Amino acid sequence: MKKKNIFLIVLCCIFLIGIICTIAGIQMGGKLFSFRLDKNTDSKKYSSSGSTTLSKSDAAGIKGLDFDFNAQNVIITFSDKPDYRIEGDANSQTKYNSYIKNGIWHIDTPKSQKATITVLNHTVQIPWHSDLDINDLFNGGDDDEDSLSEETCRISIPASSTLDSTRILIAAGECHIRGNMKTGNTTLKVGAGSLDVEQLEAQTLKIKIGAGEGIVQKVNITKQCTAKVGVGNLELGNSDSPAADSCIHNLSSKTAIGNTDICSKLTGQSNLKCATGNLELNLAGTKANYSFDSNSSMGDIKFEKSKSASVKSNEQDTYGDISLHCSLGNINVDFDN
């Protein structure tokens, strides 16, 4: 009984310290929750609509992509067709701006007002419409089909393209990338929308998920990968396929409140941090193929037993070093073998 009382006293002290730290954080400028509606400052003229095919001379100089979509549904296809083409629905009234500058093909769509939402000092910006209620953000959205654009924009890119850089921003709506996207430096950002990539081969990858969802089913990064998740969800690699199908070199991952699932072979130096969210790792090989350094304050780091826990999948291979840091969340580590 005495030990139980001591435990309760310690628990209460920790709780009081937490309250004091929260109050101190707010006094120093921190925020539990805030909402701000920004003005629409977009003054661009979006005159293009329907379908556009780039001329051969324009297409020959393309070395990169820069796409910025607001609230549209987008399908990007890397296909055997030789043309760079953007195509809207037959009855589409959606306008877009398409141009080539310094070898970069730019496509962007009209921006609406933005709502800036901060939860526990993590800020997310999403498109805002005058008939959208704030409660819809936390109740799966408005059932009114007019609340967000349902137009679909289809973009076709030759699979043989040599791309030095690719930058794709999704504020809301959905973006599906079909085929194998091969590029040098890649930046993918999702606000409150969703992104689904079939296959990505790149030297570097920077991917940031705000309150939406990002999935890269098969990924091969040869130099460096940086992943940041706010309150959304991120999947790198396909959990239904062998982890060895994907490979990420020098991964730096930060998960705040959301969820990050990584199914891949990790090489080089990987630094993975989880605050109050969840991090799931399904790694190629066995535990013996990696060197782990783990640190947890009040969170939980769990290693599943591999089938061959003390035997490397290849006696000559040490895939990489992995550093795990967990504050209040959960990190689960599993292995293919």
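Residues numbered from 1 in each chain as written. Predicted model: local features only at pLDDT ≥ 70, side-chain atom pairs only at ≥ 80, totals over all residues. Heavy atoms only, no water.

### Quick notes on the overall build of the protein chain
For step 1, the next point in the chain: Counting secondary structure elements, the protein chain contains 2 helices and 24 strands.
For step 2, the next point in the chain: Within the protein chain, the proportion of its 337 residues that are buried is 40%.
For step 3, the next point in the chain: Within the protein chain, contacts between residues at least 6 apart in sequence are counted, and of these 58% link residues at least 24 apart.
For step 4, the next point in the chain: As displayed, the protein chain offers around 18000 Å² of accessible surface, 49% of which is attributable to carbon and sulfur atoms. (Helix = DSSP H or I, 4+ residues; strand = E, 2+ residues; numbered from the N terminus. Buried < 20%, exposed > 50% of the residue type's maximum accessible area, 1.4 Å probe, protein only. Contact = heavy atoms within 4.5 Å. Areas by Shrake-Rupley, 256 points an atom, 1.4 Å probe, with all protein chains shown as cover.)

### Focus on the environment of Ala60
For step 1, the next point in the chain: Mapped onto the elements, Ala60 comes out in helix H2 (residues 56–60).
For step 2, the next point in the chain: For Ala60, a relative accessible area of 62% puts it in the exposed group.
For step 3, the next point in the chain: Between the C-alpha atoms of Ala60 and Tyr84, which are 24 residues apart in sequence, the distance is 9.9 Å.

### Brief notes about the pattern of salt bridges
A side chain of one charge can pair with a side chain of the opposite charge if their charged atoms are brought near each other.
For step 1, the next point in the chain: Here the structure, examined in full by the defined rule, presents 3 salt bridges.
For step 2, the next point in the chain: A salt bridge links Arg167 to Asp66, with the shortest nitrogen-to-oxygen separation between them at 2.8 Å. Taken together, the positions of Arg167 in strand S11 (residues 163–170) and Asp66 in strand S3 (residues 64–69) put the pair 101 residues apart, joining distant regions of the chain.
For step 3, the next point in the chain: Arg167 sits in the partly exposed class, given a relative accessible area of 33%.
For step 4, the next point in the chain: Arg85 is the partner of Glu87 in a salt bridge, and the nearest nitrogen-oxygen pair spans 3.8 Å. (Salt bridge = Lys/Arg side-chain N within 4 Å of Asp/Glu carboxyl O.)

### Side note on the packing of aromatic side chains
For step 1, the next point in the chain: Per the counting criterion, the structure on display carries 8 aromatic pairs.
For step 2, the next point in the chain: Seen from their ring centres, Phe67 and Trp105 are 5.6 Å apart, and the 85° between their planes marks the pair as edge-to-face. Separated by 38 residues along the polypeptide, Phe67 in strand S3 and Trp105 in strand S7 (residues 104–108) bring together distant segments of the chain. A single burial state applies to Phe67 and to Trp105, both of which are buried.
For step 3, the next point in the chain: Aromatic side chains Tyr84 and Trp105 sit 5.8 Å apart centroid to centroid with 85° between the ring planes, which places their arrangement in the edge-to-face category. Here Tyr84 is found in the loop between strand S4 (73–79) and strand S5 (85–88), whereas its partner Trp105 is found in strand S7, with 21 residues between them in sequence. Neither Tyr84 nor Trp105 differs from the other in exposure class; each is buried. (Phe/Tyr/Trp six-rings, centres within 6.5 Å; stacked < 30°, edge-to-face > 60°.)

### Remarks on unusual backbone geometry
For step 1, the next point in the chain: The backbone of Asn102 sits at a positive phi, close to 55°, despite the residue not being glycine.
For step 2, the next point in the chain: Looking at the element boundaries, Asn102 is found in the loop between strand S6 (97–101) and S7.
For step 3, the next point in the chain: Unusually for a residue other than glycine, Asn250 sits at a positive phi of about 55°.
For step 4, the next point in the chain: With respect to the element layout, Asn250 can be found in the loop between strand S17 (247–249) and strand S18 (251–255).

### Notes on a positive patch on the surface
For step 1, the next point in the chain: A grouping of Lys189, Lys206, Lys208, Lys228, Lys254 and Lys273 is seen on the molecular surface, where their side chains present a positively charged patch.
For step 2, the next point in the chain: Note on placement: Lys228 falls in strand S15 (residues 219–229).
For step 3, the next point in the chain: With relative accessibility at 40%, the residue Lys228 sits in the partly exposed group. (Patch = residues over 30% accessible without salt bridge, like charges linked within 9 Å, V, L, I, M, F, W, Y side chains within 5 Å. Lys, Arg positive; Asp, Glu negative; His and termini not counted. Charge placed at Lys NZ, Arg CZ, Asp CG, Glu CD.)

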